[in-house]
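# Topology and contacts: notes
Residues per chain, in single letters:
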Amino acid sequence: MLIAREKKKSNIAEYILYMWQVEDMLRGLGLDINRVKNELIARFQVDEKTAQEMYDWYDNLIEMMRMEKVEQAGHIQVLRNDVKELTELHFFLLHEVHDMRYQQIVSGAAMNLVEFRTKAGVGNEVSDVELALNALYGHLMLRLQKKEVSAQTLQAMEAFGKMIGYLAARYKKMEEENK
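Attention here is on the structure that accompanies the text. Being a predicted model, the structure only gives us computed values, none of them experimental. (Residues numbered from 1 in each chain as written. Predicted model: local features only at pLDDT ≥ 70, side-chain atom pairs only at ≥ 80, totals over all residues. Heavy atoms only, no water.)

## Examining the overall build of the protein
- Within the protein, the regular secondary structure consists of 8 helices and 0 strands.
- Reading the protein from its N end, one meets helices and strands in the order α-α-α-α-α-α-α-α.
- On C-alpha atoms alone, the protein measures out to a radius of gyration of 18 Å, which is about the 16 Å that the 2.2 N^0.38 rule sets for 179 residues.
- Projected onto the principal axes, the alpha-carbon positions of the protein cover approximately 50 × 40 × 30 Å. (Helix = DSSP H or I, 4+ residues; strand = E, 2+ residues; numbered from the N terminus. Rg over C-alpha atoms; globule rule 2.2 N^0.38 Å.)

## Things to note about the pattern of salt bridges
- Summed over all chains, the structure comprises 10 salt bridges.
- The shortest N-O distance in the salt bridge between K84 and E88 comes to 3.9 Å. Residue K84 and its partner E88 are located together in helix α5 (residues 77-96), separated by 4 residues, close to a single helical turn.
- For E88, a relative accessible area of 45% corresponds to the partly exposed category. (Salt bridge = Lys/Arg side-chain N within 4 Å of Asp/Glu carboxyl O. Buried < 20%, exposed > 50% of the residue type's maximum accessible area, 1.4 Å probe, protein only.)

## Let's talk about helix α8 (residues 151-178)
- Taking 1.5 Å per residue, 28 residues should reach 40 Å; α8 reaches 40 Å between its end C-alpha atoms and fits that length.
- Among the residues of α8, those classed as buried are A156, M157, A159, F160, M163, I164, Y166, L167, A168 and Y171.
- The secondary structure elements touched by the buried residues of α8 are α2 (12-28), α5, α6 (100-120) and α7 (128-144). (Expected span 1.5 Å × (residues − 1). Contact = heavy atoms within 4.5 Å.)

## Concerning α5
- In this model α5 runs 27 Å from its N-terminal to its C-terminal C-alpha over 20 residues, within 8% of the 28 Å that 1.5 Å per residue would give.
- Within the span of α5, buried status applies to L79, D82, V83, L86, T87, L89, H90, L93 and L94. Along the axis of α5, the buried residues cluster in a sector spanning 155°; they form a single face. Away from its buried face by more than 90 degrees, α5 exposes K84 and E96. (Arc of directions from axis to C-beta.)

## A look at the packing of α5 against α6
- Contact geometry of α5 with α6 gives a least axis separation of 8 Å together with a crossing angle of 115°. Comparing their axes, α6 and α5 come out roughly perpendicular. When the axes of α5 and α6 are compared, the crossing they make is left-handed. Within the contact between the two elements, α5 uses H90, L93 and L94 and α6 uses Y102, Q103 and V106.
- The residue makeup of the contact of α5 with α6, split by class, is 4 nonpolar, 2 polar and no charged. (Axes fitted to C-alpha atoms, helices over the stretch in contact; angles between N-to-C directions. Parallel < 35°, antiparallel > 145°, perpendicular 65-115°, else oblique. Left-handed = near helix turned anticlockwise from the far one by under 90°. Nonpolar A, V, L, I, M, F, W, Y, C, P; charged D, E, K, R; others polar.)

## Here's the deal with the packing of aromatic side chains
- Scanning the entire structure with this criterion turns up 4 aromatic pairs.
- Centre to centre, the rings of Y102 and Y166 are 5.4 Å apart; their planes meet at 15°, and the pair counts as stacked. Taken together, the residues Y102 in helix α6 and Y166 in helix α8 connect sequence positions 64 residues apart.
- The class of Y166 is buried, set by a relative accessible area of 12%. (Phe/Tyr/Trp six-rings, centres within 6.5 Å; stacked < 30°, edge-to-face > 60°.)

## Re the environment of G165
- Position of G165 relative to the elements: it lies in helix α8.
- What makes G165 partly exposed here is its relative accessible area of 35%.
- Note: C-alpha distance between G165 and E68 (97 residues apart in sequence) is 29 Å.

## What about the nonpolar core?
- Ranked by size, the top nonpolar core spans 53 residues in total, and within it L26, V36, Y58, L133, F160, M163 and I164 carry the most contacts.
- Put simply, the parts of the chain that give this core at least two residues each are α2, α3 (33-39), α4 (48-67), α5, α6, α7 and α8.
- Setting aside residues up to four positions removed in sequence, V36 forms contacts with L26, L29, I41, Y58 and I62. (Core = buried A, V, L, I, M, F, W, Y, C linked by side-chain atoms within 4.5 Å.)

## Re the side chain of D82
- Tracing the sequence through the fold places D82 in helix α5.
- If near-sequence neighbours (up to four positions away) are discounted, D82 is found in contact with K8, I12, Y15 and I16.

Nothing here speaks to function; it is all geometry.
Here it is in structure tokens:
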């Protein structure tokens, strides 16, 4: 909760990846709020009020996951909406404002996107933004498991990271201008 709140303000892409990890962690704990309390919240050295806020936050996430039928896989609607907003910004930068820098970044990632789309076995119903986020999340999971990745994969992740990083920075700028 504390990390998510800060990430949401500072970098929407990092927030999405973090929240996907939280969803997987909650699945790993069997969506059991008592296990979350004992195995997760108890690790934090926080006051009782903050611990209760964390408990409520995780409990609400678990409830959303159940209501939205993403107990085994998938993402809650609020996160899918965030991905959709980044996708809309992606298209806006490419086709409305013709952001040359972003066009170059996307061109640099294009072959990797095509290759990853094929490997992942997904069609065009998955946006390039969601595809890049999925790849970055998969890479994060491999790093956490201390698994080795090829130089080609690292190169692809760098290209995806530049694309998503640029989008996240533009998103933050847009949010700040709208305030």
